[in-house]
Amino acid sequence: MFSRMTIGEKWFQVFAVMFIAGLSVLFVYPFIHVLSISLSTPTEAIRPGLHLFPQEFSLEAYRKAISSAQIWYGFRNTIFRTVVGTALSVIVMVMAAYPLSKKYLPDRRFYTLFIVMTMFFSGGLIPSYLLVKSLGMYDSLSVYIIPMLFNTFSLLILRNFFLGIPQELEDSARMDGANDIRILFSVVLPLSAPIIATITLWSAVRYWNEWFQALIYIQDQTKIVLQIYLRRLVVENQDMELRMLMSQQPGQETVTPETVKAAVLMIITGPIIVIYPFLQKYFVKGVMIGSLKE
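Quantities reported herein were computed from a predicted structural model and do not represent experimental measurements. Positions within a chain are numbered from 1, following the residues in the order the chain's sequence is written. Whole-chain, interface and lining totals are the exception, using all residues; otherwise, since this is a predicted model, local features are given only for residues with pLDDT of at least 70 and side-chain atom pairs are given and counted only at 80 or more. Computation of side-chain values covers all heavy atoms of the structure but excludes hydrogens and water.

**Comments concerning the overall build of the protein chain**
Next up, step 1: The way it works is that DSSP assigns letters per residue, a run of H or I at least four long becomes a helix, a run of E at least two long becomes a strand, and they are numbered from the N terminus. Counting its secondary structure elements, the protein chain contains 15 helices and zero strands.
Next up, step 2: Each of the 294 residues in the protein chain was classed as buried or not, and the buried ones make up 38%.
Next up, step 3: Each accessible area value is a Shrake-Rupley result obtained with a 1.4 Å probe; residue values ignore everything except the protein chains displayed when judging cover. For the protein chain, the accessible area works out to roughly 17,400 Å², and carbon and sulfur atoms hold 70% of it. Between buried and exposed lies partly exposed: a residue is buried under 20% and exposed over 50% of the maximum accessible area for its type, with that area taken using a 1.4 Å probe on protein chains only.

Shown next, in the form of structure tokens:
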């Protein structure tokens, strides 16, 4: 195929590959840099220049990072929120998207437009705070899950995918006596694995990375999530790790604040990075399901 291209097309292909390769290096290098710092000794960590491989290997920063009770509280709450929230969110959006894809649903256009409007308008922070408090979710783990169950963009993507499933398959199942629930779980969902995998990964990343709700609604420090712990460590620059370092003998420092921060960053981002390759193959088919259909 490449031999059939014109000279201009060949140069374009070469330029495109080089451009994408350059972008990939730019995107991957910060991650490699942080990983190298987290595995380095203090002397190696403060060395100027590129950090691609730790020349003086050390796992002491990870040992210091996991010795904090806060990071274990954060892991417990973040994993709970991600697993439970993702499962419930996918179920809720599937149950909402399927009826919206049926042309016989009364006032379907109105419901769709009403949902789309939530992408552009919201009540704001103060009404949301008052609502959460009035519902008894303040300082509760439920505040991590319920307010994020519904995502408009993901719902529309699901709806559009369901619209693309041939109606004849559902009509055939209905003639065999299946009701809407049976059709959804026995016919529609088995055909929707790519989009379900895509929506699941989107929801999981959203639940894993969310930190603002914990900052506003959570007071109990045993209910914090990993992102709040990371924010306090990196952005607010709290001195928990510095206090740990002060207990070391002079000249015997085994970690620095920079290596501990890098280790925490790797611990928090690692799970998503590990899961992503297994679901990435579904992205092309899932994301390419585009505009609204009627």
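**Quick look at the packing of aromatic side chains**
Next up, step 1: Here is the rule: rings of Phe, Tyr and Trp (six-membered ring for Trp) pair when centre to centre is within 6.5 Å. Planes less than 30 degrees apart are stacked, more than 60 are edge-to-face, and the remainder are tilted. Inspection of the entire model under this criterion finds nine aromatic pairs.
Next up, step 2: Between Phe-153 and Trp-202 the ring centres are 5.7 Å apart and the planes differ by 40°, which places this aromatic pair in the tilted class. Highlighted residues: Phe-153 in helix 7 (residues 152-163) and Trp-202 in helix 10 (residues 193-209), separated in sequence by 49 residues.
Next up, step 3: Residue Trp-202 is classed as partly exposed on the basis of its relative accessible area of 23%.
Next up, step 4: Three or more aromatic residues link up through ring pairs in this structure, and these residues are Phe-110, Tyr-111 and Phe-114.
Next up, step 5: Cation placement over rings: the criterion is NZ of Lys or CZ of Arg within 6 Å of the ring centroid and within 35° of the ring normal. Above the face of the Tyr-144 ring, Arg-81 is positioned so that its terminal group lies 5.1 Å from the ring centre.
Next up, step 6: One cation-aromatic arrangement involves Lys-133 over Tyr-138; the distance from NZ or CZ to the ring centre is 5.4 Å.

**A closer look at the confidence of the model for the protein chain**
Next up, step 1: As a per-residue quantity, pLDDT reports the predictor's confidence and falls between 0 and 100. Here the protein chain averages 81 in pLDDT, and 87% of its residues register 70 or above.
Next up, step 2: Element-level mean pLDDT values for the protein chain span from 48 in helix 13 (residues 240-246) up to 91 in helix 4 (residues 69-100).
Next up, step 3: The contact criterion used throughout is that any non-hydrogen atoms of two residues lie within 4.5 Å. Scored below 50 in pLDDT, residues 248-252 shows four contacts in the model against residues more than four places distant or in partner chains.
Next up, step 4: Confidence over residues 290-294 falls short of pLDDT 50; this stretch has 13 contacts with residues more than four positions distant or in other chains.

**Points about the environment of Thr-86**
Next up, step 1: Looking at the element boundaries, Thr-86 is found in helix 4.
Next up, step 2: Along the sequence, Thr-86 and Ser-203 sit 117 residues apart, while their C-alpha atoms lie 5.5 Å from each other.
Next up, step 3: At 2.6 Å, the side chain of Thr-86 forms a polar contact with the backbone oxygen of Thr-82. What qualifies as a polar contact is a pair of N or O atoms within 3.5 Å, subject to a donor-acceptor requirement within protein and to the restriction that residues adjacent in sequence count only when both atoms come from side chains.

**Focus on the packing of helix 8 (residues 167-175) against helix 9 (residues 180-188)**
Next up, step 1: For the pair helix 8 and helix 9, the least separation of the axes is 10 Å and the interaxial angle reads 125°. The angle between helix 8 and helix 9 places the two elements in the oblique class. For the pair helix 8 and helix 9, the sense of crossing is right-handed. Contacts between helix 8 and helix 9 involve Leu-169, Glu-170, Ala-173 and Arg-174 from the first element and Asp-180, Ile-183, Val-187 and Val-188 from the second. Every axis in this analysis is a line fitted to C-alpha atoms, fitted for helices over the stretch in contact. Angles between the N-to-C directions lie between 0 and 180 degrees. Angle categories are assigned with fixed cut-offs, so that under 35 degrees is roughly parallel, over 145 is roughly antiparallel, 65 to 115 is roughly perpendicular, and the rest are oblique. A clockwise turn of the near helix away from the far one marks a right-handed crossing, whereas an anticlockwise turn of less than a right angle marks a left-handed crossing.

**Observations regarding the packing of helix 4 against helix 12 (residues 226-234)**
Axes are the key here: two packed helices are described by the angle between their axes and the distance separating the axes.
Next up, step 1: Between helix 4 and helix 12, the shortest axis-to-axis distance is 7 Å and the interhelical angle comes to 140°. When the axes of helix 4 and helix 12 are compared, the pair comes out oblique. Residues Gln-70, Ile-71, Gly-74, Phe-75, Thr-78 and Arg-81 of helix 4 touch helix 12, and the partners they reach there are Leu-226, Gln-227, Tyr-229 and Arg-232.
Next up, step 2: Gly is placed with the polar residues, together with every amino acid not listed as nonpolar (Ala, Val, Leu, Ile, Met, Phe, Trp, Tyr, Cys and Pro) or charged (Asp, Glu, Lys and Arg). Of the residues that constitute the contact of helix 4 with helix 12, the class distribution is four nonpolar, four polar and two charged.

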